[in-house]
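The residues making up each chain are set out below.
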Amino acid sequence: MRRPPRKPSTLDPYLDYLQQRWDEGQHSAKILHEELQTKGYLGHYQRVKMAVAPLRRGLPLDAPRERPPSPREVARWITTHSVRRSLHINDRLPRLLDHCPELRHTHDLVRRFASMLDNRDATPLLGWLDDLANSGLAPLGGLAGALREDRHAVTQGITTLYNSGVNEGRITDVKLQKRLMAGRAGVPLLRHRVILIAHLRRRYADRPTVSPR
């Protein structure tokens, strides 16, 4: 997955023709280069020779490849609902999963947990934890153990409307204020800024909404 993609070259538009002529029995790089020149190819003979080298070993032509996604990108694709992913990602993700059974298994487990959240139904949780522990994937097995210890809290998180999102947002506010002052914010100044932000947020939240005419 980490192999870098080959850069496009002037030979790329002629790769189909090269493959066709190779299948027809023409295996001379010199003759193929001459034929391509009659079709408008201006590149060097050496490039054609390098292009057909994989064919001599029974391998496919070295066509340009898409940039492999990073692990962070793949994690985001898997945890995002299909309706919120772009068409391009919805096309790439199934091809990626087809090449990696471990990722496909992980994807299925993640989507099953997401379904519990969407439906606010923790009934399948214990069975899901068993499948997580028996997945054969060490990181997921460790996660299963941690979630099982806190399964009552996890159940509440799945089935209730309440969450810690507001608290997390306030913590982010405090961290942001400290970063904005390059770490020079002492407690008195930080407290003043946090209270001011809370006051402004409440002030604008209480404003009546005026519908446009």
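Draft legend 1. Spatial organisation of the side chain of Arg111. Its location among the elements puts Arg111 in helix H6 (residues 101-119). Buried charge Arg111 goes without a salt bridge, the closest partner of opposite sign being Asp118 at 5.1 Å. Contacts of Arg111, omitting those with residues within four sequence positions, involve Ile78, Thr79, Thr80 and His81.

Draft legend 2. Local environment of unusual backbone geometry. Its identity as a non-glycine residue notwithstanding, Arg120 has a phi of 50 degrees, on the positive side. Tracing the chain through its elements places Arg120 in the loop between H6 and helix H7 (125-133). Taking the relative accessible area as the measure of exposure, Arg120 reaches 40% and is therefore partly exposed.

Draft legend 3. Representation of the pattern of salt bridges in the model. If you walk through the whole model with that rule in mind, you get six salt bridges. A salt bridge links Arg21 to Glu24, with the nearest nitrogen and oxygen atoms 2.8 Å apart. A salt bridge links Arg112 to Asp131; the nearest nitrogen and oxygen atoms lie 2.8 Å apart. Remark: Asp131 occurs in helix H7 and Arg112 occurs in helix H6; sequence separation between them is 19 residues. Judged by relative accessible area, which is 37%, Arg112 ranks as partly exposed. With a relative accessible area of 34%, Asp131 lands in the partly exposed category. When salt bridges that share partners are traced, they join Arg21, Glu24 and Glu35 into one network.

Draft legend 4. Expanded view of the packing of helix H1 (residues 15-23) against helix H3 (residues 45-56). Put simply, H1 and H3 touch, their axes get as near as 11 Å, and they point 50 degrees apart. If you check the angle between H1 and H3, you find them oblique. Remark: the crossing between H1 and H3 carries right-handed chirality. On H3, the residues touching Leu18, Gln19 and Trp22 of H1 are Val48, Ala51, Val52, Leu55 and Arg56.

Draft legend 5. Just the environment of Pro68, in detail. Note that Pro68 resides in the loop between H3 and helix H4 (71-79). Put simply, Pro68 and Arg170 are 102 residues apart on the chain and 36 Å apart in space, counted from C-alpha to C-alpha.

Draft legend 6. Looking closely at the packing of H7 against helix H8 (residues 138-149). Where H7 meets H8, the closest approach of the two axes is 7 Å, and the angle between their N-to-C directions is 150 degrees. Read as a crossing pair, H7 and H8 show a hand that is left-handed. Along its contact with H7, which presents Trp128, Leu129, Asp130, Leu132 and Ala133, the element H8 presents Leu140, Gly141, Leu143, Ala144, Leu147 and Arg148.

Draft legend 7. Quick look at the nonpolar core. By size, the foremost hydrophobic cluster in this structure holds 14 residues, and its most contacted members are Leu11, Leu18, Leu36, Tyr41, Val48 and Val52. Contributing elements (two or more residues each) for this core: H1, helix H2 (29-38) and H3. When residues of this core are assigned to their parent elements, the largest contribution, four residues, is made by H3. Excluding anything up to four places from it in sequence, Val52 contacts Leu18, Trp22, Ala29 and Leu32. Counting residues in hydrophobic clusters, the runner-up holds 12 residues, among them Met116, Ala122, Leu132 and Val154.

Definitions and limits used
- Residues numbered from 1 in each chain as written.
- Predicted model: local features only at pLDDT ≥ 70, side-chain atom pairs only at ≥ 80, totals over all residues.
- Heavy atoms only, no water.
- Helix = DSSP H or I, 4+ residues; strand = E, 2+ residues; numbered from the N terminus.
- Buried < 20%, exposed > 50% of the residue type's maximum accessible area, 1.4 Å probe, protein only.
- Lys, Arg positive; Asp, Glu negative; His and termini not counted.
- Salt bridge = Lys/Arg side-chain N within 4 Å of Asp/Glu carboxyl O.
- Contact = heavy atoms within 4.5 Å.
- Axes fitted to C-alpha atoms, helices over the stretch in contact; angles between N-to-C directions.
- Parallel < 35°, antiparallel > 145°, perpendicular 65-115°, else oblique.
- Left-handed = near helix turned anticlockwise from the far one by under 90°.
- Core = buried A, V, L, I, M, F, W, Y, C linked by side-chain atoms within 4.5 Å.

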